[in-house]
Amino acid sequence: LINLCANAGQAMGENGGLLEVELEQCQLTEEEMSQLFQGQKNPDPTYLKLVIRDTGPGILPENLERVFDPFFTTKEASEGSGLGLSVVHGIVLNHGGALRVDSDVGSGTIFTILLPKLPMTIVQEQSNEKPLTFGNGERILFVEDEESLAQLGEEILGELGYSVTVVTQSVEALKTFSLAPDQFDLVITDQTMPIMTGESLSKELLRLRPDIPIILCTGYSPNMVPKRAKELGIRAFLWKPLLLHDLSHTIHEVLHT
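Just so you know, these numbers come straight off a predicted model, no measurement behind them.

Asker: Summarise the pairing of strand E4 (residues 108-116); cite the residues concerned and give the values.
Answerer: For a regular strand, the rule is simple: side chains alternate between the two faces of the sheet. Relative to E4, strand E2 (residues 46-54) runs antiparallel, the two sharing eight bridges. Within the sheet, the bridge partner assigned to Lys49 lies in E4 and is Leu114. Both strand E3 (residues 98-104) and E4 contribute to a ladder of seven bridges, which runs antiparallel. Counted as the bridge partner of Asp104 is Gly108 from E4. Here E3 folds back onto E4, and the loop between the two strands holds three residues, one of which, Gly106, carries a positive phi near 90°.

Asker: Give me the lowdown on the nonpolar core, citing residues and values where you can.
Answerer: Formed by 20 residues in total, the largest nonpolar core has its most connected members in Val187, Leu201 and Leu205. Counting residues per element, the ones that place at least two in this core are strand E5 (139-143), helix H6 (170-179), helix H7 (198-208) and strand E8 (214-218). Every residue in contact with Val187, bar those within four places of it in the chain, is listed here: Leu141, Val143, Phe177, Leu205, Ile212, Pro213, Ile214 and Ile215. Formed by 15 residues, the second largest nonpolar core is a distinct cluster that contains Leu160, Leu186, Ile188 and Leu238.

Asker: Any chance you could break down the side chain of Thr250 for me, citing the residues and the numbers?
Answerer: Structurally, the position occupied by Thr250 is in helix H9 (residues 244-256). Those residues in contact with Thr250, other than ones at most four positions away along the chain, are Ile215, Ala236 and Leu238.

Asker: Describe in detail the packing of aromatic side chains, supporting the description with residues and values.
Answerer: Summed over the entire model, instances satisfying the criterion amount to two aromatic pairs. Summarising the aromatic geometry, the rings of Phe237 and Trp239 are spaced 5.0 Å apart at their centres and angled 85° between planes, so their arrangement reads as edge-to-face. Overall, the relative accessible area of 15% leaves Phe237 in the buried class. Residue Trp239 is classed as partly exposed on the basis of its relative accessible area, which comes to 45%.

Asker: Tell me what's going on with the side chain of Asp190, and back it up with residues and numbers.
Answerer: On the secondary structure map, Asp190 appears in strand E7 (residues 186-190). Judged by its relative accessible area of 6%, Asp190 falls in the buried class. Residues within four places of Asp190 in sequence aside, it is in contact with Val143, Glu144, Asp145, Gly198, Leu216, Cys217, Thr218 and Lys240.

Asker: Give me the pattern of salt bridges: which residues, what numbers.
Answerer: Oppositely charged side chains can form a pair if their charged atoms are brought close together. Under the criterion given, the structure shown has eleven salt bridges. Here Arg53 makes a salt bridge to Glu22, at a shortest N to O gap of 3.1 Å. In this pair, Arg53 sits in strand E2 while Glu22 sits in strand E1 (residues 19-27), placing the two residues 31 residues apart along the sequence. By relative accessible area, which is 25% here, Arg53 ends up partly exposed. In this structure, the salt-bridge partner of Lys49 is Glu24, at a minimum N-O distance of 3.3 Å. With Lys49 in strand E2 and Glu24 in strand E1, this residue pair connects regions lying 25 residues apart in the sequence. With relative accessibility at 43%, the residue Glu24 sits in the partly exposed group. One network of salt bridges, with partners in common, ties together Glu20, Glu22 and Arg53.

Thresholds applied
Residues numbered from 1 in each chain as written. Predicted model: local features only at pLDDT ≥ 70, side-chain atom pairs only at ≥ 80, totals over all residues. Heavy atoms only, no water. Pairing = 2+ DSSP bridges. Helix = DSSP H or I, 4+ residues; strand = E, 2+ residues; numbered from the N terminus. Core = buried A, V, L, I, M, F, W, Y, C linked by side-chain atoms within 4.5 Å. Buried < 20%, exposed > 50% of the residue type's maximum accessible area, 1.4 Å probe, protein only. Contact = heavy atoms within 4.5 Å. Phe/Tyr/Trp six-rings, centres within 6.5 Å; stacked < 30°, edge-to-face > 60°. Salt bridge = Lys/Arg side-chain N within 4 Å of Asp/Glu carboxyl O.

Following this line, the structure appears as structure tokens:
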């Protein structure tokens, strides 16, 4: 999808146009099955049809039969390797599907992908997760530079029974904490933030108050892993996105151990 939609966007270029993506279930006839799958038998003719349609300049007839060939491209050398559509073709075939391209010069291009429909099986799983743990008004300094995540974190922590102070800048968080280090029972901070990372902020907070519990959160940080966090004196480490169950139990463990 990314590849085909990106190609469509590039084809329409500065002039713009319309990109349509459609998905529907279809029943293939025996003739269609034979044409698309070269005589291979499939016990279930039910397929999902994915269509990517654009209103770009279209593909020249002499290029149409070669678009799925490896390294074939009509783009400039800096714009692509020519592997994209061959990879798309390979993915579809590996999933037992079929791929067709139709194009009229000046009218746009249509890629039609057919994928076999898999039966849906609903499995009732027994959850071994412990119930959520709740706080009793403990004071948390929550540091997150993404406004939407900061607001969401405030709401979730409030629902879990904690008193929350939200700060969206790490430097401001350090200032807030330094004015009253004993005002907080726990700090939860993001790692990747401008000016001062969560790691740097944690070092400063621990310098001001060595016993302050800190939970460090990150979505991706090659230099920050649980072992590194522990060595710095950080009590716990959580990967983003934060899961409610993991967050509630981690907070409880940090505050009560």
